Amino acid sequence: MTINWFPGHMTKALRLIEANLKLCDVVIYVLDARAPLSSINPSLNRLIGERAVVYALNKADLAHEGRIKEIADKLTGERRAAVTLDSTRSGGAKIIINKVKALCREKLDRYAAKGVKIPLKAMVVGVPNSGKSTMINNLAGGAKTVTGNRPGVTRGKQWVRADEYLEVLDMPGTLYPKLDNQDIAVKLAAIGSIKDEVLDMSDLAVRLVDMIIGIDSGLIGKRYGIRNEELGMRNCGQENHDDNSNREIQNEVQFEEVTQIIEQIARKRGYLLSGGRPDLDRACMAVVDDFRKGRLGRICLD
C-alpha cells in the first residue's frame, strides 16, 4: 500500500492559512503526541517562517510520557515553546495561553505602557484529527467550534475569543502535499489524520503492529495474550542497513511474520470465519481501533 492522499480542499486551506498569517502574532501548532514529529507539515513550516510558535503536543494521555517530553524539549527554542496536554480534560489547554503571552510579552508590555489592552491573535494549525477544535473549545471554556473524531471536520476559518488577552483562529487541518516518506504516511494514517476510506486497513494494521513490536513487543503480547515465542522475539522496528535486495526480502519476511501475529490475535479474540479460519480483516480493524483508543498502552510512534 502506498499512501498519498491530499484532497482538493487542503490546497484551499493552505492558501487560507497563508492569507491570514499576517493577521496573527503567534501560531499554535497542534501535534498529535502519538506521532508529533510526523505531524509537523513542511508546507506549514515554510509559511510560518520565523513567526513565534507554541507547539501543543495534544492527546498526551495516549502517548509515552517520557518520549513526548523529550520531543517537547527538542522543539523548544528561540521564539518556540512546547507543551504537552490532553485537550479533553477541563482546563487542560490553559497552559497554552501562558506560553503565548510569554512569547509575545514585548508586545503586551508595549501596549500596556500606553494604557491599551488589545488581545493577541493566534492561528491554530495542524494535521487533520489532531484535536485543534477540541483544544480551542477547551481554551474558550465551551463549545465554540465543531469537533469530530475524524479528519476534515473544520473546512473554513473561525475566530474564537479564548481569553481577554487572546483570540484564536481555527483553521482546517492540512496534510503534506506529497507523502514521500511512507513511514510518516503510515503513522499519520494510524492516528486518523487520513480518511480510513482511502486506506487498505489490513495493510495499515500489519505495518502498525510491525512498528509497535519494534518499540515494545510486550504491548502486543499483553493486550492479546500472545507469548513472546509466538511473537517470534522479533524486533521489527530496527532499521536494516543491508543492500536493497536483502532489504526487500526482509520486508517480505516481516510482512508474513506480522500477518501470522494478526492471525494469532484473531484466534485469541475468537474472530473466526467458517471452517475456523481467522477473520484477518476484523482483527486488523480491532488492532487499529485499540491503538487509537489507547488500549495497547501509551505509545509514541516517533
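Check the entry above for the structure.
**Q** Tell me about the sheet that holds strand E4 (residues 120-126), and please be specific about residues and values.
**A** Spatially, E3-E2-E1-E4-E6-E5 is the arrangement adopted by the 6 strands of the open sheet, whose pairing is mixed. At either end of the open sheet lies a strand with only one pairing partner, and these are strand E3 (80-84) and strand E5 (158-163). Pairwise comparison of adjacent strand axes, ignoring direction, gives a mean angle of 25° for this sheet.

**Q** I'd like a description of unusual backbone geometry, backed by residues and values.
**A** Here the phi dihedral of Lys59 falls at roughly 60°; this positive angle occurs in a residue that is not glycine. Inspection of the secondary structure assignment puts Lys59 in the loop between strand E2 (52-58) and helix H3 (65-75). We classify Lys59 as buried; its relative accessible area is 15%. For Asn129, which is not a glycine, the phi torsion comes out positive at approximately 65°. Considering the arrangement of structural elements, one finds Asn129 in the loop between E4 and helix H6 (132-140). Relative accessible area serves as the criterion here: at 12%, Asn129 is assigned to the buried category.

**Q** Let's hear about the environment of Leu208: which residues, and what values?
**A** One can find Leu208 in helix H8 (residues 201-224). Residue classification places Leu208 among the buried residues on the basis of a relative accessible area of 0%. Here the alpha-carbon distance between Leu208 and Val186, two residues 22 residues apart in the chain, equals 7.3 Å. Contacts of Leu208, omitting those with residues within four sequence positions, involve Ala190, Val288, Phe291 and Leu301.

**Q** Residue-level account of the pattern of salt bridges, with values.
**A** Summed over the entire model, instances satisfying the criterion amount to 17 salt bridges. A salt bridge links Arg161 to Glu167; its shortest N-O distance comes to 3.0 Å. Residue Arg161 is classed as partly exposed on the basis of its relative accessible area of 45%. In this structure, Arg295 engages Asp289 in a salt bridge whose closest nitrogen and oxygen atoms are separated by 2.9 Å. Looking at Arg295, the relative accessible area reads 36%, which means it is partly exposed. Classification of Asp289 as partly exposed rests on a relative accessible area of 28%.

**Q** Can you lay out the packing of aromatic side chains for me, pointing to particular residues and giving the numbers?
**A** If you walk through the whole model with that rule in mind, you get 1 aromatic pair. Over the aromatic face of Trp159 sits the side chain of Lys121, whose NZ or CZ is 4.7 Å from the ring centroid.

Cut-off values and rules
- For every chain, the first residue of its written sequence is number 1, and the numbers climb from 1 along that sequence.
- Reporting of local features is limited, given that this is a predicted model, to residues whose pLDDT is at least 70; pairs of side-chain atoms are given and counted only at 80 or more, and all residues count toward the totals for whole chains, interfaces and linings.
- The side-chain numbers reported here are obtained from all heavy atoms of the structure, hydrogens and water having been left aside.
- Here a strand pair is declared whenever DSSP counts at least two bridges between the two strands.
- Strands are runs of DSSP state E lasting at least two residues, helices are runs of H or I lasting at least four, and both sets are numbered from the N terminus onward.
- For helices, the fitted axis covers only the stretch in contact; all axes are lines through C-alpha atoms, and the angles between them, taken along N-to-C directions, range from 0 to 180 degrees.
- Burial classes follow relative accessibility: with a 1.4 Å probe on protein chains only, a residue under 20% of its type's maximum area counts as buried, one over 50% as exposed, and anything between as partly exposed.
- Throughout, a contact is declared for two residues whenever any of their heavy atoms are within 4.5 Å.
- Note on definitions: salt bridges are taken to be side-chain nitrogens of Lys or Arg within 4 Å of carboxyl oxygens of Asp or Glu.
- Paired rings are identified among Phe, Tyr and Trp, the last through its six-membered ring, by centres lying within 6.5 Å, and are further divided according to the angle between planes into stacked (under 30 degrees), edge-to-face (over 60) and tilted (the rest).
- A ring has a charge above it when a Lys NZ or an Arg CZ is no more than 6 Å from the ring centre and no more than 35 degrees off the ring normal.

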